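Residue strings, one per chain:
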Amino acid sequence: MGETRFLTNREIYEQTVLKLVPSAKKRLWIATADIKDMYVEKPGLSKQMVPFLQILAELLQRGVAIRLIHAKEPGPAFRQDFDRFPGLWTGIERVLCPRVHFKCIIADGKRAYFGSANLTGAGMGAKGDTRRNFENGILTDDPAFVEPLSEQFDSVWRGEHCRKCGRRDYCTDCPLQ
């Protein structure tokens, strides 16, 4: 049995964005219902704020494979940041699934966060005390949690639920289209 920790608010940011995400060596899987531009402290350079997308671009440069599942298209500020890092267009594998509401980050299939926080500054706890959401979640390396979480992510990624999905008309990434 591995380590499992309950996280709230700012802890989610500190443990996932600043530690879990940059620790990925081979693959990083992220699922979120909502995704917005988010600025974070660059790991190793305290107080230097950079777009979270820059952290992802640097992971891609290190050879980390990144998959992102999200439920709706991000807003213009996110797209503007996205365009600043051209490697993201070809590097991140992305699926838009309007039924996804689960939130998780899985690093190398060994460590994972899952909980209520969307991939936004307010959700992940990256904003100040008066601007962040009240969120909670679990950080774990226990295979009893990581394996079924990875399977849930992968089943959506493969389109396993698409045949019975009542939202196919709204899903441009459905593999059955």
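Predicted model only: the values in this text are computed from it and were never measured. (Residues numbered from 1 in each chain as written. Predicted model: local features only at pLDDT ≥ 70, side-chain atom pairs only at ≥ 80, totals over all residues. Heavy atoms only, no water.)

Colleague: Where do I start with helix 1 (residues 10-23) in this structure?
Modeller: Because each turn of an α-helix spans 3.6 residues, side chains separated by three or four positions in sequence point in the same direction. With 14 residues, helix 1 extends 19 Å from end C-alpha to end C-alpha; this agrees with the ideal 20 Å at 1.5 Å per step. The axis of helix 1 is deflected most strongly, by about 30 degrees, at Thr16. Inspection of helix 1 places Ile12, Tyr13, Gln15, Thr16, Val17, Leu20, Val21 and Pro22 among the buried residues, and these make up the whole buried set. (Helix = DSSP H or I, 4+ residues; strand = E, 2+ residues; numbered from the N terminus. Expected span 1.5 Å × (residues − 1). Bend = angle between axes of the 7 residues up to and from the residue. Buried < 20%, exposed > 50% of the residue type's maximum accessible area, 1.4 Å probe, protein only.)

Colleague: Hey, could you run me through the side chain of Glu135 in this one?
Modeller: On the secondary structure map, Glu135 appears in the loop between helix 5 (121-124) and strand 9 (136-140). Buried Glu135, no salt bridge; nearest opposite-charge side chain is Lys103, N-O distance 6.8 Å. A distance of 3.2 Å separates polar atoms of two side chains, one belonging to Glu135 and the other to Asn133. Leave out the neighbours within four places in its chain, and Glu135 touches Leu7, Thr8, Asn9, Ile12, Ser116, Ala117 and Gly123. (Lys, Arg positive; Asp, Glu negative; His and termini not counted. Salt bridge = Lys/Arg side-chain N within 4 Å of Asp/Glu carboxyl O. Polar contact = N/O pair within 3.5 Å; in protein donor to acceptor, adjacent residues only side chain to side chain. Contact = heavy atoms within 4.5 Å.)

Colleague: Would you mind showing me how to read the nonpolar core here?
Modeller: As a rule of thumb, nonpolar side chains are buried together in soluble globular proteins. The biggest cluster of nonpolar side chains holds 36 residues, and the ones touching the most others in it are Leu28, Phe52, Leu56 and Leu88. Elements with a minimum of two residues in this core: helix 1, strand 2 (27-32), helix 2 (52-61), strand 5 (65-70), helix 3 (76-83) and strand 7 (103-107). Counting residues per element, this core draws most heavily on helix 2, which supplies seven residues. Ignoring sequence-local partners within four residues, the contact set of Leu88 consists of Leu53, Leu56, Ala57, Leu60 and Phe82. Of all hydrophobic cores here, the second largest spans 15 residues; its members include Ile106, Phe153, Val156 and Trp157. (Core = buried A, V, L, I, M, F, W, Y, C linked by side-chain atoms within 4.5 Å.)

Colleague: Honestly, the packing of aromatic side chains in this entry has me stumped. Any pointers?
Modeller: The geometry of two aromatic rings is summed up by the distance between their centres and the angle between their planes. Going through the model one piece at a time under the given rule, you end up with five aromatic pairs. An angle of 90 degrees between the planes, with centres 5.2 Å apart, marks the rings of Phe82 and Trp89 as edge-to-face. Residue Phe82 is classed as buried on the basis of its relative accessible area, which comes to 14%. Classification of Trp89 as exposed rests on a relative accessible area of 60%. An angle of 10 degrees between the planes, with centres 6.2 Å apart, marks the rings of Phe153 and Trp157 as stacked. Of this pair, Phe153 and Trp157 both sit in helix 6 (residues 143-157), separated by four residues, roughly a single helical turn. Each member of the pair, Phe153 as well as Trp157, carries the same accessibility label: buried. Three or more aromatic residues link up through ring pairs in this structure, and these residues are Trp29, Phe153 and Trp157. (Phe/Tyr/Trp six-rings, centres within 6.5 Å; stacked < 30°, edge-to-face > 60°.)

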